[in-house]
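Here is how the chains run, residue by residue.
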Amino acid sequence: MPAELLGKDREELRTFCKGLGEPAFRGAQLYHAVYAERKFDFARMTNLPAALRERLATEARISLPEIRRRFKSQDGSARYLLDLPPDEERRTRNLLGEHPAAQRTSIEAVFMPSEGRQTICISTQAGCAVDCHFCLTAQLGLIRNLTPGEILAQVLLPLEEHKSDLAPQTNVVLMGQGEPLLNFDAVMTAVRILLDPDGVALSPKHVTLSTSGIVPGIERLAKEPVRPKLAISLNASQDEQRDALMPINRKYPLAMLLEAGRKYPLRPWEWLTFEYVLLGGVNDSPEDARRVVRLLAHLKAKVNLIPWNPGELPYDEPSADRVEEFRRILAEKGVPVFVRYSRGRDVMAACGQLALVEIQG
Ligand code: SF4
């Protein structure tokens, strides 16, 4: 059975090459070819000897997801609906007669070009178990954790597709389907390759992991020598309200979450980001804004206000006046605050809308 190479780090590729009887440095060359040069076909890896390329073609593989659909938004962003390659167990079951459609797992990634940069929003799990009530992904439930290769492919594929018109800066946000800190090891393997100067070579300033507030995961992330920026999805100003919107709050209530934020070792250039989805008439009052100011009083934190994106859920968009009032209260109290209108709403690509919806277009 050919070995899957996508998602392997440099050390694993060195070990793999040694296992083939090749010098270990070939592993580092393979690593560079896949992640820095985005060469997914061994025949194109001209930094490797021809004999090794031929051997790799039979003894290894680089399995990318299949792009089932691309939904292009009027604002220039694109939602990718990706079918993941079947894993080994499923391949074997399929040989035993399982229908191919029954083994297909799909995920979504969103590519958002803008002036001077592109931002790619990626999934870390297929579906999600966290059950935030304002989020359509929650309705899928957890299908499964993604592997490091499946996480990385969501960055590599769109970058390769847009290679002729890429802007100089690439941002990656781990904010698609899934709770990244509940798939910690695979996420961190992928993140280390994204941030490695010999790998995908993104800056830690441009990669953001967003969590619903998994406190043990935040504490674990704090100890990682290489890590992305951290964003915490707050969405409420008191426990009762957060319990109702995000059941995870019963396990990790606000005091515990904010304490984890207070202890989080920020790098000199870094701020904690709190995301706050504004739901009309639910959590968007001036009192909520004042409570948020008090909650964040002792943190080096900024706030992204995200007006809720409509989906088939029993919430309303906040009015423009409420959004502005909320923003003004935070800003006047010295909290850095930004209103983030999501991109790709017309193609179900915006925050909280990723639910594998297939639309015309
Ligand atoms: S907001 Fe994030 S953590 Fe919450 S259900 Fe949606 S995907 Fe999961």
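Keep in mind the model is a prediction, meaning the values are calculated, not measured. (Residues numbered from 1 in each chain as written. Predicted model: local features only at pLDDT ≥ 70, side-chain atom pairs only at ≥ 80, totals over all residues. Heavy atoms only, no water.)

So what about the overall build of the protein chain? Which residues, and what values?
Each helix and strand in the protein chain was counted, giving 12 helices and 14 strands. Against the compact-globule benchmark of 21 Å for 361 residues, the protein chain has a radius of gyration of 21 Å, which places it among compact chains. Counting only C-alpha atoms, the protein chain reaches 70 × 45 × 40 Å along its principal axes. Within the protein chain, the proportion of its 361 residues that are buried is 54%. Counting every atom, the protein chain has about 16000 Å² of accessible surface; 51% of that belongs to carbon and sulfur. The protein chain carries 47 positive and 47 negative side-chain charges, and their two centres are separated by 4 Å. (Helix = DSSP H or I, 4+ residues; strand = E, 2+ residues; numbered from the N terminus. Rg over C-alpha atoms; globule rule 2.2 N^0.38 Å. Buried < 20%, exposed > 50% of the residue type's maximum accessible area, 1.4 Å probe, protein only. Areas by Shrake-Rupley, 256 points an atom, 1.4 Å probe, with all protein chains shown as cover. Lys, Arg positive; Asp, Glu negative; His and termini not counted. Charge placed at Lys NZ, Arg CZ, Asp CG, Glu CD.)

Could you give an account of the packing of helix H11 (residues 286–295) against helix H12 (residues 320–332), with specific residues and numbers?
Viewed as axis vectors pointing N to C, H11 and H12 meet at an angle of 30°, and their least axial separation amounts to 9 Å. Considering the angle they form, H11 stands roughly parallel to H12. Where H11 crosses over H12, the two elements pack in a sense that is right-handed. Contact residues: H11 offers Pro-286, Asp-288, Ala-289, Arg-290, Val-292 and Val-293, while H12 offers Arg-322, Glu-325, Phe-326, Ile-329 and Leu-330. (Axes fitted to C-alpha atoms, helices over the stretch in contact; angles between N-to-C directions. Parallel < 35°, antiparallel > 145°, perpendicular 65-115°, else oblique. Left-handed = near helix turned anticlockwise from the far one by under 90°. Contact = heavy atoms within 4.5 Å.)

Before we move on, can you summarise the pattern of salt bridges with the specific residues and values?
In a structure, side chains of opposite charge can pair up when their charged atoms sit close to one another. Per the stated rule, a full pass over the model turns up 24 salt bridges. The partner of Glu-108 in a salt bridge is Arg-79, with the nearest N and O atoms 2.5 Å apart. Taken together, the residues Glu-108 in strand E5 (residues 106–114) and Arg-79 in strand E4 (residues 78–83) connect sequence positions 29 residues apart. One salt bridge connects Asp-284 with Arg-322, and the closest N-O pair in it is separated by 3.8 Å. Of this pair, Asp-284 sits in the loop between strand E12 (272–278) and H11 while Arg-322 sits in helix H12, and the two are 38 residues apart along the sequence. One network of salt bridges, in which partners are shared, links Arg-10, Asp-196 and Asp-198. (Salt bridge = Lys/Arg side-chain N within 4 Å of Asp/Glu carboxyl O.)

Let's hear about the nonpolar core: which residues, and what values?
Grouped together as the largest cluster of nonpolar side chains are 100 residues, with contacts concentrated most on Leu-30, Tyr-35, Leu-56, Phe-134, Phe-274, Val-303 and Leu-330. In terms of residue count, the dominant contributor to this core is helix H6 (residues 184–195) (nine residues). Residue assignment places this core across two domains, with domain 1 (3–61) and domain 2 (66–347) each supplying three or more. For Leu-330, the contacting residues outside a window of four places in its chain are Ala-289, Val-292, Val-293, Val-303, Val-335 and Val-337. Counting five residues, the second largest nonpolar core, distinct from the first, contains Val-110, Met-112, Cys-121 and Val-173. (Core = buried A, V, L, I, M, F, W, Y, C linked by side-chain atoms within 4.5 Å. Domains from an automatic or database assignment.)

Can you lay out the site of the ligand for me, pointing to particular residues and giving the numbers?
Taken together, Cys-128, Val-130, Asp-131, Cys-132, Cys-135, Thr-137, Ala-138, Gly-176, Gly-178 and Ser-212 are the residues near the ligand. Class assignment for the residues of the shell around the ligand results in five nonpolar, four polar and one charged. (Near = heavy atom within 4 Å. Nonpolar A, V, L, I, M, F, W, Y, C, P; charged D, E, K, R; others polar.)

Could you give an account of the domain arrangement of the protein chain, with specific residues and numbers?
Accessible area lost during the coming together of the parts is what is often quoted as the interface size. Per the domain assignment, the segments making up the protein chain are domain 1 (3–61) and domain 2 (66–347). Using only C-alpha atoms to locate each centre, domain 1 and domain 2 end up separated by 32 Å. Tallying the contact residues gives 12 residues for domain 1 and 17 residues for domain 2. On the surface where domain 1 and domain 2 come into contact, there are three salt bridges. Of the charged contacts in the structure, one is a salt bridge between Glu-160 and Arg-38, with a shortest N-O distance of 3.0 Å. Inspection of the domain 1/domain 2 interface yields four residue pairs in polar contact (both at pLDDT 80 or more). Looking at the side of domain 1 that touches domain 2, its residues break down into five nonpolar, two polar and five charged. (Polar contact = N/O pair within 3.5 Å; in protein donor to acceptor, adjacent residues only side chain to side chain.)

An account of the packing of aromatic side chains is requested, with residue identities and associated values reported.
Applying the stated criterion to the full structure yields three aromatic pairs. Between Trp-308 and Tyr-315, the aromatic rings sit 5.9 Å apart at their centres with planes inclined by 70°, giving edge-to-face as the arrangement. On the basis of relative accessibility, which here comes to 4%, the residue Trp-308 falls in the buried class. On the accessibility criterion, Tyr-315 (18% relative accessible area) is buried. A cation sits over an aromatic face here: Arg-10 above Tyr-31, 4.7 Å from the ring centre. (Phe/Tyr/Trp six-rings, centres within 6.5 Å; stacked < 30°, edge-to-face > 60°. Lys NZ or Arg CZ within 6 Å of the ring centre and 35° of its normal.)

Break down helix H10 (residues 254–263) for me, with residues and values.
Buried within H10 we find Leu-254, Leu-257, Leu-258, Ala-260 and Gly-261. The buried residues of H10 occupy one face: seen down the axis, they fall within an arc of 155°. Exposed residues on H10 whose side chains face more than 90 degrees from its buried face are Ala-255 and Lys-263. Along its buried surface, H10 packs onto helix H7 (215–222), strand E11 (229–233), helix H8 (239–245), helix H9 (248–251), E12 and H11. (Arc of directions from axis to C-beta.)

Now, about H7: what can you tell me, with residues and values included?
When we look at burial in H7, the residues that qualify are Val-215, Gly-217, Ile-218 and Leu-221. The arc enclosing the buried residues of H7, seen along the axis, measures out at 160°, which places them on a common side. Considering only its buried residues, H7 is in contact with H6, strand E10 (207–211), E11 and H10.

Tell me about the side chain of Arg-26, residues and numbers included.
In this structure, Arg-26 sits in helix H2 (residues 25–36). No salt bridge is formed by the buried Arg-26, whose closest oppositely charged neighbour, Glu-22, lies at an N-O distance of 4.2 Å. In contact with Arg-26, other than residues within four places in its own chain, are Cys-17, Asn-47, Leu-48, Pro-49 and Leu-52.

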